Amino acid sequence: MKFSLALLLCVLPAVVYSWNQNCITKPVGFGYKTTGGAGGKTVKPKSTSELTNYLKSNQKLIIDLTKTFDYTNSEGWATSSGCYFQKCGNGFQESLAHAGTCNGRPATKVKYSKAGTTELIVGSNKSIISSNGKGQIKGKGLRIQNAKNVIIRDITISDINPEVIWAGDALAFDNVENVWVHKCTFARVGRQHLVTYQKTNKGITVSSCFFDGTSKSAAYCDGNHFWVWLFWGTHDEITLINNRVYKTAGRCPHAGGWSKSQNYVHLIGNSMEINKHVGIEPYSGAKILSEGNKWTSYSNPINPQAKGGHLAMVNNGNDQAACKKYFGVNCLVNKYDGQSKSKTWFDVAVLNDFSKLDKNAINSARSAVCI
């Protein structure tokens, strides 16, 4: 059977960026010092109660998840006052009445799983892994709180009240130091996939993870999740490297936005795919260095409404070369397919601020980029 060249061109995408999830094998970036539960005993929880206790314990542990731990019905269900965030046919999100989200929006009663509204507490010196690739935490997220030295890898966190805003986050950082999150999948979460709270969160690397924004319940009713990454600690140092961020609508990331925010975010070598709305949102206190990322079908890699923050978007050779003064090496240029184009925003102050941090962390990430 013969096919015309014209037909082939119609069915093939203009640009395809491959994503190699296996190319990073050790922590790089700000979390490069993380060792997790290495040296501790390995445990394989059999129930949600066992997992809960292992996570919050004071022991150094390697916690091996070999199955799905479903918390969805573990604390019952509730109905509370809320609103339609934007009722636009099928697939909309509702919101609990919190922090002004429902101001001016049509009221409704919102049903949600109570388990999703609070996260499982994770203590220091833990490795949360899945040796058989079947480890999943469903219906409840994780909160690393007042802790240091945590590894989370090869697990899935999913299905946390996906229809309801303010009814649960997947992974929260709350006064942490040295965390490596690697080769994890995040999917169907009502609010944030990642969030830092208003304390110090240093030494964090998130690498080779799949952030799947596909959702039947979305803020804009288009199947693309909005609430992805929110960083607003008093001093965050975060590397986001070699992640695949798919079908999202905003907060990729949102950083800053309150009076004490100071958020150093190194967005490097990620595959940013399919976003009809907005991506990076630098608000007051944000200092974002974006380099070597691949943008596919992205309407606005930068939110045109964002203001007050600082962003260095490395888009050309001059931007690339400017890094050498501060880091001793060039930055990496972002790449865009035919459907994606970024506005110019290159704030040299970001390079100056980053150069005062751990240069080993910044350069180790740059040398590890693999897409």
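These figures come from a predicted structure and were not determined experimentally.

(A) A look at the overall build of the chain. Counting secondary structure elements, the chain contains six helices and 28 strands. In terms of overall dimensions, the chain is globule-like: its C-alpha atoms have a radius of gyration of 20 Å, near the 21 Å expected for 371 residues. Here the chain holds 371 residues, and the buried ones make up 55% of them. For the chain, the proportion of contacts with a sequence separation of at least 24, taken over those separated by at least 6, is 72%. Surface exposure of the chain reaches about 15,200 Å², of which carbon and sulfur atoms provide 49%. Placing the 43 positive and 24 negative side-chain charges of the chain at their respective mean positions leaves the two points 2 Å apart.

(B) Region of interest: the state of the cysteines. If you walk through the whole model with that rule in mind, you get four disulfides. The partner cysteine of Cys-23 in its disulfide is Cys-370, sulfur to sulfur 1.8 Å. In this pair, Cys-23 is assigned in the loop between helix 1 (5-11) and strand 1 (41-43) and Cys-370 in the segment after helix 6 (359-368), connecting sequence segments 347 residues apart. Between the sulfur atoms of Cys-83 and its disulfide mate Cys-102 the distance is 2.2 Å. Taking the sign of the S-S torsion, about -80 degrees here, the bridge from Cys-83 to Cys-102 comes out left-handed. You can see Cys-83 sitting in strand 4 (residues 77-84) and its partner Cys-102 sitting in the loop between strand 5 (94-96) and strand 6 (107-113), a full 19 residues away along the chain. Of the residues examined, Cys-83 reaches a relative accessible area of 1% and is grouped as buried. Exposure remark for Cys-102: the relative accessible area of 16% places this residue in the buried category.

(C) A look at helix 6. Turning to helix 6, its buried residues number three or more, namely Ala-361, Ile-362, Ala-365, Arg-366 and Ala-368. Considering only its buried residues, helix 6 is in contact with strand 19 (235-241), strand 22 (263-268), strand 25 (286-291), helix 4 (324-327) and helix 5 (348-354). If you check the start of helix 6, you find a side-chain oxygen 2.9 Å away from the backbone N of Asn-360, and it comes from Asp-358.

(D) Spatial organisation of the sheet that holds strand 6. Within the open sheet, the four strands sit side by side as 6-4-5-12. Their pairing is mixed. With partners counted over all chains shown, the strands left at the sheet margins are strand 6 and strand 12 (164-165), one partner each.

(E) Structural detail: the pairing of strand 25. The element strand 25 is extensively covered by neighbouring structure, given that six of its six residues are classed as buried. Because side chains alternate across strand 25, one face comprises the buried residues Ala-286, Ile-288 and Ser-290, and the other comprises Lys-287, Leu-289 and Glu-291, equally buried. The sheet contact formed by strand 22 and strand 25 spans six bridges and is parallel. Its bridge partner lying in strand 25, Tyr-264 is registered against Lys-287. The pairing of strand 25 with strand 27 (residues 310-313) spans four bridges and is classified as parallel. Note that in strand 27 the partner of Ile-288 across the bridge is Leu-311.

(F) Structural context of the pattern of salt bridges. All chains considered together, the criterion is met by eleven salt bridges. Between Arg-191 and Asp-169 there is a salt bridge, with its nearest N and O atoms 3.2 Å apart. Here the residue Arg-191 occupies a position in the loop between strand 14 (185-189) and strand 15 (194-196), and Asp-169 occupies one in the loop between strand 12 and strand 13 (171-182), the gap between them amounting to 22 residues. Arg-191 sits in the buried class, given a relative accessible area of 6%. Each of Glu-119, Arg-143, Asp-174 and Lys-199 takes part in a single network of salt bridges with overlapping partners.

(G) Focus on the UniProt feature "domain: Pectate lyase" (unreviewed entry) in the chain. Taking the UniProt record as the reference, the feature "domain: Pectate lyase" (unreviewed entry) is found at residues 81-301. As annotated, residues 81-301 comprises 0% helix and 51% strand, and the C-alpha atoms at either end are separated by 35 Å.

(H) Representation of the side chain of Glu-281 within the structure. The topology assignment puts Glu-281 in strand 24 (residues 281-282). Despite being buried, Glu-281 has no salt bridge partner; Arg-251 is the closest side chain of opposite charge, sitting 5.1 Å away. In terms of polar contacts, Glu-281 uses its side chain to reach the side chain of Asn-303, at 3.2 Å.

(I) A look at the packing of aromatic side chains. One pass over the full model with this rule turns up twelve aromatic pairs. Between Trp-295 and Tyr-298, the ring centres sit 5.0 Å apart and the planes meet at 80 degrees, which makes this aromatic pair edge-to-face. Between Lys-111 and the ring centre of Trp-77, over which it is positioned, the NZ or CZ distance is 5.7 Å.

(J) Representation of the sheet that holds strand 9 (residues 136-138). Within the open sheet, the nine strands sit side by side as 3-9-11-14-17-20-23-26-28. Their pairing is parallel. Here the strands that pair on one side only, and so sit at the sheet edges, are strand 3 (68-70) and strand 28 (335-336). As judged from the four bridges shared by strand 11 (residues 156-160) and strand 14, these two strands associate in the parallel manner. Residue pairing in the sheet places Thr-156 in a bridge with Thr-185 of strand 14.

(K) A look at the nonpolar core. Residues Leu-142, Ile-144, Phe-186, Leu-194 and Trp-229 are the most contacted members of the largest nonpolar core, which totals 55 residues. The contact partners of Leu-142, leaving out residues within four places of it in the chain, are Leu-55, Glu-119, Leu-120, Val-122, Ile-128, Ile-137, Ile-152, Ile-157, Ala-170, Leu-171 and Ala-172. Counting residues in each nonpolar core, the second largest holds 16 residues, with Leu-289, Val-314, Cys-331 and Leu-357 among its members.

(L) Region of the structure containing the pairing of strand 19. Counting buried positions along strand 19 yields seven of seven residues, so the element is predominantly enclosed. Here strand 19 shows no split at all, with His-235, Glu-237, Thr-239 and Ile-241 on one side and Asp-236, Ile-238 and Leu-240 on the other all buried. Bridging between strand 16 (residues 200-207) and strand 19 involves six bridges; their strand directions are parallel. The residue bridging Ile-204 from the neighbouring strand is Ile-238, located in strand 19. Where strand 19 lies against strand 22, six bridges are found, and the strand directions are parallel. Residue Leu-240 lies in a different strand from strand 22, and its bridge partner there is Leu-267.

Quick notes on the rules
Residues numbered from 1 in each chain as written. Predicted model: local features only at pLDDT ≥ 70, side-chain atom pairs only at ≥ 80, totals over all residues. Heavy atoms only, no water. Helix = DSSP H or I, 4+ residues; strand = E, 2+ residues; numbered from the N terminus. Rg over C-alpha atoms; globule rule 2.2 N^0.38 Å. Buried < 20%, exposed > 50% of the residue type's maximum accessible area, 1.4 Å probe, protein only. Contact = heavy atoms within 4.5 Å. Areas by Shrake-Rupley, 256 points an atom, 1.4 Å probe, with all protein chains shown as cover. Lys, Arg positive; Asp, Glu negative; His and termini not counted. Charge placed at Lys NZ, Arg CZ, Asp CG, Glu CD. Disulfide = S-S within 2.5 Å. Polar contact = N/O pair within 3.5 Å; in protein donor to acceptor, adjacent residues only side chain to side chain. Pairing = 2+ DSSP bridges. Salt bridge = Lys/Arg side-chain N within 4 Å of Asp/Glu carboxyl O. UniProt positions renumbered as here; feature names shortened; annotations may be inferred. Phe/Tyr/Trp six-rings, centres within 6.5 Å; stacked < 30°, edge-to-face > 60°. Lys NZ or Arg CZ within 6 Å of the ring centre and 35° of its normal. Core = buried A, V, L, I, M, F, W, Y, C linked by side-chain atoms within 4.5 Å.

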